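Understanding the architecture of this molecule
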Amino acid sequence: MSKERKMTLTIPREEYMSPGHLACQGCGASLAMRLALKGLGQKTIVCIPACCWAVIDGPFPHSSLDIPIYHCAFETAASSASGVRAGLDMVGDTETTVLAWAGDGGTFDIGLQALSGAAERNDDIIYTCYDNEAYMNTGIQRSSATPIGAWTTTTPVKHYKKERKKDIIGIMAAHGIPYIATASVAYPEDMVKKFKKAREIKGTRFIHVFAPCPAGWKSRPEDTVKLARLAVQTGYFPLYEIEDGEKWTLNLKVKERKPIAEYLKLQGRFRHLKEEEIALIQQEVDARWARILKHCGL
Amino acid sequence: MKKVIMGNHALSYGAMLSRAQVIAAYPITPQTQVVELLSEMCADGTLNAKFIKVESEHSAMAACLGASLAGARTFTATSAQGLALMHEMLHWASGGRMPVVMGNINRAMAPGWSIWADQNDSLSERDTGWIQFYCSSNQEVLDTVIQAFKVSEKLMIPSMIILDAFALSHTYEVVEIPEQARVDQFLPPFNPPWRLTPADPHAFGGLTSPDHYMELRYKLQKDMEKVPALVEETGKEYEKLFGRYLGQVEEYLCADAELVFVTSGTAGYTARVAVDELRQKGIKAGNLRIKLFRPFPFEKVRAILSRVPKVAVLDRNISYGHHGIFYQEVKSALYGQPSSPLVFGFIAGLGGRDITRDSFQEIAEYTLSKNRAEEEIVWIGVKK
């Protein structure tokens, strides 16, 4: 008889996101916000640039969140958040958490300069990139977060994306900020824990959330969590943390990684890939996994 | 207290006396001294403010807007290319009703690279919904900053305070620095009608359907229309405390004039000297210097110019394919009035070429000798 194990609910019951939002069926980004706010609590102000979430929240005069939102310009998630932080400090509110919440386009591409500026200044904000790997809000155009091999409307099947996904974590780690983490909507306990942890740290914190997009990935809405889980189990999107740019910790040690093909085959955006192309992607995933293990001292 | 300071430092002192709480800025010639002095003031505690040393002007304005929406009084300064980079955020400031006050040093736009005075940078931002003040002395710069905060915060519309590169930004003049306690009496702390706070959560600037958008813009225009009267009222209140009046325009010997120059910025200062010289020669000249450009001071301009036979508008800017921008605006203000003067348009001083007393003599000779302008644009001092 094995030792009795008790399951405890570590995810707060409080909800800061209401039904009635405008997300698509199976949207990873909406699940990400719901979980992030469970970790951060109500004393949070969020800056949302142009991205799916600029729409998901709901049109004026409605909002699906129970926290204040500043809808800011596309490239200004970080700089707006830095301003809000400074403004709050000057009016005597040093408690409220300031969250920048941007998509991969607003983070990897157009907002990268402002993000780098905020990180270099170590401004006291939590910057979250919910990554659905393309410009989904404008109708699935490639971003520098789109993985190699993927179809998008600007990387058509005959000329699918040939470039690798930008290593945003590497870029952020090079800034030496106090806290960086990856998180996945398939691992809610881990994700909520990371947002709670980030809330208690001062300085720039960066959380990269993997958020599947059925509309853009041509996957089934009911497969969103499954895909997010497979991304972790294949080693495509490992769950790890980097503290002060130096201390790497692997949060989920996947003993036997599943083949990347299992993850790719559930998505129409990879349907055109031939076996040898999948093999190349597998090689790349393996190499990245090995690099991360090495960083983590494993 | 009187101090000999440069125009850029007049902006810094204005922001300090207004107790700006958040400053976010990026350096650009010829604005640098504005932010250098402010960062010193923040570092040594003369000014209790957060200075965010951003990586671009775009981020400077973005950070100011975040801070403003959080309830802080915010200030920044820029010039030319920096202002152009901010363009998107200028719309954000007025559309979001965030009363940031910004100094802009008028500098010509590249290419070719120029660091010298010309108004095409700020006038390209004419339609962004910012209040625009053009200054001609360092004292006016300082006084305008303090009054701009009051006007902006009352109407929740941002203000731009504009001074010519070098001719004012780097020119040292005697400036009366008001006492802090008296400025505090004039300008209470910023207390916006709405702000970002978890105690009363709202979403600002979200997706706005055609059912709502137009009303937001209508309200912005309606509040813009209140600016001229408020500038007068605020000016009178300021005058009571400090003895100097700002107002929308500066009228110099226009009452009996046969020819009135319409000017702005430091050229308006030179024009007054030219008017004195012309009057010594027996020519009844006058000068109308436009201080408040947006919103345009229609009533003042109409009242002063409708009784004048000839008007010569001097532009240190050009709208390519049209005319000088002040010329367009003056003609637009006078169109359809029962009595209108003959209006001539002159362009001078682009890219920092000097506008001298002689420039005005040339303008006066042309205007007085003709019954209509022979060219749509009369260029002064250009090598054709």
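The rules behind the values
- Residues numbered from 1 in each chain as written.
- Chains lettered and ligands numbered in written order.
- Predicted model: local features only at pLDDT ≥ 70, side-chain atom pairs only at ≥ 80, totals over all residues.
- Helix = DSSP H or I, 4+ residues; strand = E, 2+ residues; numbered from the N terminus.
- Rg over C-alpha atoms; globule rule 2.2 N^0.38 Å.
- Buried ≥ 20, exposed ≤ 12 C-beta atoms within 10 Å, placed from the backbone.
- Contact = placed C-beta atoms within 7 Å.
- Pairing = 2+ DSSP bridges.
- Axes fitted to C-alpha atoms, helices over the stretch in contact; angles between N-to-C directions.
- Nonpolar A, V, L, I, M, F, W, Y, C, P; charged D, E, K, R; others polar.
- Parallel < 35°, antiparallel > 145°, perpendicular 65-115°, else oblique.
- Core = buried A, V, L, I, M, F, W, Y, C linked by C-beta atoms within 7 Å.
- Domains from an automatic or database assignment.

Here the focus is the overall build of chain A. Regarding its fold elements, chain A presents eleven helices and eight strands. Against the 2.2 N^0.38 benchmark of 19 Å for 298 residues, chain A shows a C-alpha radius of gyration of 19 Å, consistent with a compact globule. Counting only residues that meet the buried cut, chain A has 53% of its 298 residues in that class. Pairs at least 24 residues apart make up 69% of the contacts formed inside chain A by residues separated by at least 6 positions.

For chain B, the helix and strand inventory stands at 13 helices and 16 strands. Relative to its length of 384 residues, chain B is compact, with a C-alpha radius of gyration of 21 Å against a globular reference of 21 Å. Taken across its 384 residues, chain B has 54% of its residues classed as buried. Summarising the internal contacts of chain B: among those between residues at least 6 apart in sequence, 79% fall at separations of at least 24.

Pairing is mixed in the open sheet, where nine strands are placed in the order 8(A)-7(A)-5(A)-6(A)-4(A)-3(A)-1(A)-2(A)-9(B). Every interior strand has two partners, whereas the edge strands, strand 8 (247-250) of chain A together with strand 9 (203-204) of chain B, have only one. With three bridges joining them, strand 1 (residues 44-48) of chain A and strand 2 (residues 69-71) of chain A adopt parallel strand pairing. By the bridge assignment for strand 2 of chain A, Cys47 of chain A is matched with Tyr70 of chain A. Here helix 1 (residues 28-40) of chain A sits on the sheet in contact with strand 1, strand 3 (97-103), strand 4 (126-131) and strand 6 (205-210) of chain A, set at roughly 155 degrees to strand 4 of chain A.

Facing the 38 residues of chain A at the interface are 38 residues of chain B. Broken down by secondary-structure element, the contributors of at least two residues to the side of chain A that touches chain B are strand 1, helix 2 (52-56), strand 2, helix 3 (77-90) and helix 5 (112-121) of chain A. Ranked by residue count, the leading element in the side of chain A that touches chain B is helix 3 of chain A, at eleven residues. By residue class, the composition of the side of chain A that touches chain B is 19 nonpolar, 13 polar and six charged. Strand direction decides the pairing type here: strand 2 of chain A and strand 9 of chain B, joined by two bridges, are parallel. Counterpart to Tyr70 of chain A in the pairing with strand 9 of chain B is Phe204 of chain B.

The next point concerns unusual backbone geometry. Cis geometry is found at the peptide bond from Ala110 of chain B to Pro111 of chain B, where omega equals -10 degrees. With respect to the helices and strands, Pro111 of chain B occurs in the loop between strand 5 (101-106) and helix 5 (120-123). For Glu133 of chain A, which is not glycine, the phi dihedral falls at a positive 65 degrees. Its identity as a non-glycine residue notwithstanding, Ala80 of chain B has a phi of 40 degrees, on the positive side. Here Ala80 of chain B shows up in helix 4 (residues 80-95). Judged by the 28 C-beta atoms lying within 10 Å of it, Ala80 of chain B falls in the buried class.

The next point concerns the environment of Ser219 of chain A. Residues and elements named next belong to chain A. Tracing the sequence through the fold places Ser219 in the loop between helix 8 (214-217) and helix 9 (224-233). Each C-alpha atom, one on Ser219 and one on Leu264, is 10.0 Å from the other, the two residues being 45 residues apart in sequence. Ignoring any residue separated from it by four or fewer positions in sequence, one finds Ser219 in contact with Pro212, Pro214, Leu227, Leu266, Gln267 and Gly268.

Let us look at the sheet that holds strand 16 (residues 378-379) of chain B. All names here are of chain B. The six strands are arranged 10-12-11-14-15-16 in an open sheet whose pairing can be described as mixed. The outermost strands of the open sheet, each flanked by one partner alone, are strand 10 (249-252) and strand 16. Both strand 15 (residues 342-347) and strand 16 contribute to a ladder of two bridges, which runs parallel. Looking at the pairing, Phe346 lines up with Val378 of strand 16. Helix 10 (residues 267-280) rests against strand 10, strand 11 (259-263), strand 12 (285-290) and strand 14 (310-315) of the sheet, and its axis sits at about 170 degrees to strand 12. Contacts from helix 12 (residues 325-334) reach strand 11, strand 12, strand 14 and strand 15 within the one sheet, and its direction differs from that of strand 14 by about 145 degrees.

So, about the pairing of strand 1 of chain A. Residues and elements named next belong to chain A. In terms of residue burial, strand 1 counts as a mostly covered element, since five of its five residues are buried. Along strand 1, one buried face is formed by Thr44, Val46 and Ile48 and the opposite face, lined by Ile45 and Cys47, is buried too. Of the pairings in the sheet, the one linking strand 1 to strand 3 comprises four bridges and is parallel in character. Bridging across to strand 3, Val46 finds its partner in Leu99.

Moving on, we get to the packing of helix 3 of chain A against helix 5 of chain A. A pair of packed helices is captured by two measures, namely the crossing angle of their axes and the spacing between those axes. All names here are of chain A. Where helix 3 contacts helix 5, the two axes come as close as 7 Å, and the packing angle between them is 40 degrees. Between helix 3 and helix 5, the crossing angle belongs to the class labelled oblique. The segment helix 3 lies against helix 5, with Ala78, Ser79 and Ser82 engaging Ala114, Leu115, Gly117 and Ala118. The class makeup of the residues in the contact of helix 3 with helix 5 is four nonpolar, three polar and no charged.

So, on to the nonpolar core. Ranked by size, the top nonpolar core spans 219 residues in total, and within it Val84 of chain A together with Val313 of chain B carry the most contacts. In this structure, this core is formed jointly by two domains, domain 1 (2-241) and domain 2 (250-379) of chain B, each of which donates at least three residues. In this structure Val313 of chain B touches Val262, Gly324, Phe326, Tyr327, Val330, Val343, Phe344, Gly345 and Phe346 of chain B, once residues within four positions along its chain are discounted.

Residue and element names in this part refer to chain B. In terms of domain boundaries, chain B breaks down into domain 1 (2-241) and domain 2 (250-379). On a C-alpha basis, the centroid separation for the pair domain 1 and domain 2 is 28 Å. Counting residues at the interface gives 26 residues for domain 1 and 22 residues for domain 2. Broken down by element, the residue count for the side of domain 1 that touches domain 2 peaks at four residues, all from strand 6 (residues 131-134). When grouped by side-chain class, the residues that make up the side of domain 1 that touches domain 2 number 15 nonpolar, seven polar and four charged.

Let us now look at helix 9 of chain A. Since the α-helix packs 3.6 residues into each turn, any two residues three or four apart lie on the same face. All names here are of chain A. Within helix 9, seven of the ten residues are buried, which leaves the element mostly enclosed by the surrounding structure. Listed in full, the buried residues belonging to helix 9 are Thr224, Leu227, Ala228, Arg229, Leu230, Ala231 and Val232. Immediately downstream of helix 9, the backbone of Gly235 shows phi near 85 degrees, a positive value.

As a further point, take the environment of Ala86 of chain A. The topology assignment puts Ala86 of chain A in helix 3. The spatial distance from the C-alpha of Ala86 of chain A to the C-alpha of Asp124 of chain A is 8.9 Å, given a sequence separation of 38 residues. If sequence neighbours within four positions are ignored, Ala86 of chain A has contacts with Val22, Lys50, Ile52 and Ala67 of chain B.

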